[in-house]
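Structure assessment
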Amino acid sequence: MSLIYEELKSRGFAYQETDPEAIRKILNEEKIKFYVGFDPTGSSLHVGHLLPVMAMRLLQRAGHTPIVLVGGATAQIGDPSGKSTARPILTKETVAANAEAIKQQLSRFISVDSGDAIFVNNRDWFEDVKYIDFLREIGSFFSVNRMMAQESVKARLENGLSFLEFNYSILQAYDFLTLKAKYNCRMELGGQDQWGNMVAGTELIRRKNQGEVYAMTIPLLLDSNGQKFGKTAGGNNVWLDTGRTSIFDYYQFWRNSEDSQVKKLLAYFSTLPLEEIDYLVNQSGNINRAKEILAYEATALAHGRDAAKEAFLSAGGKFGFADPDKKIATSSEIINIEQNALDALPVYQLKAEDFIDGKAPVTRILAASGLAKSASEGRRLIQGGAVSINGVKINDVTASISKEEFEAGEKVLRCGKKNYRKLSL
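Residues numbered from 1 in each chain as written. Predicted model: local features only at pLDDT ≥ 70, side-chain atom pairs only at ≥ 80, totals over all residues. Heavy atoms only, no water.

This paragraph deals with the sheet that holds strand β1 (residues 33-38). Strand order across the open sheet formed by five strands is β3-β2-β1-β4-β5, with parallel pairing between neighbours. A single partner strand is all that each edge strand has here, and the edge strands are β3 (118-121) and β5 (214-218). Each strand of the sheet is rotated relative to its neighbour by a mean of 25°, with strand direction disregarded. Here five bridges tie strand β4 (residues 185-191) to β5, and the two strands are oriented parallel to one another. By the bridge assignment, Gly191 is partnered in β5 with Ile218. Packing of helix α2 (residues 20-29) onto the sheet brings it into contact with β4 and β5, and relative to β5 it is tilted by some 95°. On top of the sheet, helix α3 (residues 50-61) reaches β1, β2 (65-70), β4 and β5; it is set at about 160° to β1, its chief contact. (Pairing = 2+ DSSP bridges. Helix = DSSP H or I, 4+ residues; strand = E, 2+ residues; numbered from the N terminus. Axes fitted to C-alpha atoms, helices over the stretch in contact; angles between N-to-C directions. Contact = heavy atoms within 4.5 Å.)

What describes a pair of aromatic rings is the distance from one ring centre to the other and the angle between the planes of the rings. Within this structure, the stated rule accounts for 14 aromatic pairs. Aromatic side chains Phe229 and Phe269 sit 6.3 Å apart centroid to centroid with 25° between the ring planes, which places their arrangement in the stacked category. With Phe229 in the loop between β5 and α12 (247-255) and Phe269 in helix α13 (residues 262-269), this pair connects stretches of sequence that are 40 residues apart. A single burial state applies to Phe229 and to Phe269, both of which are buried. One aromatic cluster is present, built from ring pairs that chain together Phe13, Phe229, Tyr250, Phe253, Trp254, Tyr268 and Phe269. Looking at Arg244, its charged tip hangs above the ring of Trp239, at a distance of 4.3 Å from the centre. (Phe/Tyr/Trp six-rings, centres within 6.5 Å; stacked < 30°, edge-to-face > 60°. Buried < 20%, exposed > 50% of the residue type's maximum accessible area, 1.4 Å probe, protein only. Lys NZ or Arg CZ within 6 Å of the ring centre and 35° of its normal.)

Time to look at the environment of Phe312. If you trace the backbone, Phe312 turns up in helix α16 (residues 305-319). Owing to a relative accessible area of 0%, Phe312 belongs among the buried residues under this scheme. Expressed as a C-alpha distance, the spacing of Phe312 and Arg255, which sit 57 residues apart in the sequence, is 9.6 Å.

Let's shift gears to a nonpolar patch on the surface. The grouping of Tyr131, Ile132, Leu135 and Phe163 at the surface amounts to a nonpolar patch, some 450 Å² of accessible area in total. Take the nonpolar patch: its biggest share by element is three residues, from helix α6 (residues 131-137). Tracing the sequence through the fold places Leu135 in helix α6. (Patch = residues over 30% accessible without salt bridge, like charges linked within 9 Å, V, L, I, M, F, W, Y side chains within 5 Å. Areas by Shrake-Rupley, 256 points an atom, 1.4 Å probe, with all protein chains shown as cover. Salt bridge = Lys/Arg side-chain N within 4 Å of Asp/Glu carboxyl O.)

What follows concerns the sheet that holds strand β6 (residues 347-349). A sheet is described by the order of its strands in space; here five strands give the open sequence β6-β12-β11-β8-β9, paired in mixed fashion. Pairing within the sheet leaves two strands with one partner each, and these edge strands are β6 and β9 (392-393). Judged from the three bridges that link them, β6 and strand β12 (residues 419-424) form a sheet pairing that is parallel. For Val347, the partnering residue across the bridge sits in β12 and is Lys422. Sheet contacts for helix α18 (residues 362-369): β6, β8 (387-389), β11 (411-415) and β12; angle to β11, the most-contacted strand, approximately 80°.

Let's shift gears to the pattern of salt bridges. Tallied over the full model, the rule gives 12 salt bridges. Across the pair Arg244 and Asp241 runs a salt bridge, and its minimum N-O distance is 3.9 Å. For Asp241, a relative accessible area of 26% corresponds to the partly exposed category. Here the salt bridges do not stand alone but share partners, grouping Arg289, Glu292 and Asp323 into one network.

On to the pairing of β2. Buried residues dominate β2, accounting for six of its six residues. Residue alternation in β2 divides its side chains into two sets, Thr65, Ile67 and Leu69 and Pro66, Val68 and Val70, and both sets are buried. Note: β1 against β2, six bridges, orientation parallel. When the bridges of β2 are listed, Gly37 appears paired with Leu69. Sheet topology places β2 next to β3; four bridges connect them, and they run parallel. Counted as the bridge partner of Val70 is Asn121 from β3.

This part covers the nonpolar core. With 70 residues, the main nonpolar core has Leu8, Phe13, Leu27, Phe109, Trp254, Leu266 and Phe269 as its most contacted residues. The element contributing the most residues to this core is helix α15 (residues 287-303), with nine residues. Here Phe109 is in contact with Leu50, Val53, Met54, Arg57, Leu240, Leu301 and Ala302, once residues within four sequence places are set aside. The next biggest cluster of nonpolar side chains, apart from the first, holds 23 residues, and it includes Ile67, Phe126, Tyr174 and Val213. (Core = buried A, V, L, I, M, F, W, Y, C linked by side-chain atoms within 4.5 Å.)

Let us look at the side chain of Asn286. Following the sequence through the fold, Asn286 ends up in the loop between α14 (274-283) and α15. Judged by relative accessible area, which is 18%, Asn286 ranks as buried. Of the polar contacts made by the side chain of Asn286, one reaches the backbone nitrogen of Arg289; its length is 3.0 Å. With residues near it in sequence (within four places) discarded, Asn286 still touches Leu280, Ala322, Asp323 and Ile328. (Polar contact = N/O pair within 3.5 Å; in protein donor to acceptor, adjacent residues only side chain to side chain.)

Here it is in structure tokens:
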């Protein structure tokens, strides 16, 4: 029996559920179709959109079939959830172009082989809906009082909520009804700000006597300041579109994560076992290595392994590697890439004359290896903070390395941003 429900819970994906025991049973004991909706109000997803995508990916890997709904129709209305003002109204042509772009981005995260996933666009069933028929057949099942009580509606009443946006909950509920009828879709997955819209769908299906369906929300991901996750220090979104956010910058966004967030982010945005994540964050003694693995894994999911490898090597070449000795065990592919990177570094083999009483002064190694023109220049480089060994900055101009230290593990000497030597005896 699959324990995917328990994995979703332990990784922090489950927040609200219409019937936890029934959801646990169908996810662990059956293979179902479930859906996640994305409104193409822009031409690219950003990091803030990815939490339901990661949950969808886990469910697919457990054998369930995701229905990916791109809201070509609902994007023309605009979901008021989580918004203080109305969204700009887009042209139908813009929405259609956005929908295609987002479909391509989502296909990076989930398998799109025949039968593994279903992509739909709600424009296909809303285009021919007749208004009077829709009001009679669907609108009659909705209570205005109940709709007014939804958080997404109440939060907007102070600033004004258009009738256009007020209809959004009904349209999303109709999506679920349509997917239930056409594909026997039995669960909707979405962010916690979608709870009211999602429950409206489960109730519509029940009142239309179409059987039991379920909804599960995922908690909003916030940074330590309580702001929505997925923005740079300057307040800009981190996009999946490489024309807006380069792959290197995407990698660096994750590499620069707050220490307090790393464990949670690894649980969400990697497939590493939870026991390994706990070790990396709490027991390894090297939080930067955990961040490096997070950045590699998150970039690989969004842009592919080759792009993640290139970003990792570029960042390591510029800022240094967090664990060049490979002392920290991990199941991530990053460990093999780093070995290849280290193998490609220029090697300096220390000689007997480099040692004084069994210790090699760093200034002497800098000069002998060609990283500095002389020992005196080596001192100036150290004083300027340009020298590190295995990612640890050298601040003492009298620092040296003993033969025993060399025998204990590989040493990588860095001078400046891009000049390296792998040191050996």
